[in-house]
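Listed below, chain by chain, are the residues.
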Amino acid sequence: MQSGEWTGDNGSPHTALLGSEFVGFDEATSTATMRFTVMPQMTTWRGGVQGGLVAGYLDDVMGYAYVAMTGGEQAPLNLEISMQLLGLLPEGATIIGKGRVVRAGRRVVFLEGELLSEEGTVLARATSTAIPTARPVPPPHGGQS
């Protein structure tokens, strides 16, 4: 990204729930990197993140890739997400997310993402088809709308 462009701070309410932190964006590969801390609220009795919530992590990192690529001006609106669960995301773990813009046009955006253990093992992956939209702006009172 160019200096002075979007830095990953969106202040969205879901950020605390996911335990997410934007690490950076590689402009050359259109890849965002995020770090997630697996909160106990996200896990099942098996001790790992519930499958539908794994999709939330993947959605977050893929979305951040597109938002960062557009300098914070646009955000993807998912039409479809396809996900593969390859391993357990255990409670308390730090998960590394990689999201990449595969192709972005005026009408459609193709994204892909991976969640990895700190050791580099791929735990989940996804692809998404989305439409580009103006990035939503938080309400002036800071609450949800």
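Rules behind the numbers
Residues numbered from 1 in each chain as written. Predicted model: local features only at pLDDT ≥ 70, side-chain atom pairs only at ≥ 80, totals over all residues. Heavy atoms only, no water. Salt bridge = Lys/Arg side-chain N within 4 Å of Asp/Glu carboxyl O. Helix = DSSP H or I, 4+ residues; strand = E, 2+ residues; numbered from the N terminus. Phe/Tyr/Trp six-rings, centres within 6.5 Å; stacked < 30°, edge-to-face > 60°. Buried < 20%, exposed > 50% of the residue type's maximum accessible area, 1.4 Å probe, protein only. Core = buried A, V, L, I, M, F, W, Y, C linked by side-chain atoms within 4.5 Å. Contact = heavy atoms within 4.5 Å.

### Comments concerning the pattern of salt bridges
Under the criterion given, the structure shown has 3 salt bridges. The residue Arg35 makes a salt bridge to Glu21 at a minimum N-O spacing of 3.0 Å. Of the two residues, Arg35 sits in strand S2 (residues 31-37) while Glu21 sits in strand S1 (residues 20-26), which places them 14 residues apart along the sequence.

### Focus on the packing of aromatic side chains
Under the definition given, this model contains 2 aromatic pairs. Ring centres of Phe22 and Tyr64 lie 5.5 Å apart, and the angle between their planes is 25 degrees; on these two criteria the pair is classed as stacked. Placement of Phe22 in strand S1 and of Tyr64 in helix H2 (residues 51-69) is noted, with a sequence separation of 42 residues between them. The same class applies to Phe22 and to Tyr64, which are both buried.

### Quick look at the nonpolar core
A general tendency of soluble globular proteins is for nonpolar side chains to be buried together. Residues Phe36, Tyr57, Leu89, Ile95 and Leu115 are the most contacted members of the largest nonpolar core, which totals 29 residues. Breaking this core down by element, the ones donating at least two residues are S1, S2, H2, strand S4 (94-104), strand S5 (109-116) and strand S6 (122-134). Counting residues per element, this core draws most heavily on H2, which supplies 9 residues. With near-sequence residues (within four places) excluded, Tyr57 lies in contact with Leu18, Phe36, Thr37, Val38, Met39, Met42, Val49, Leu89 and Leu115.

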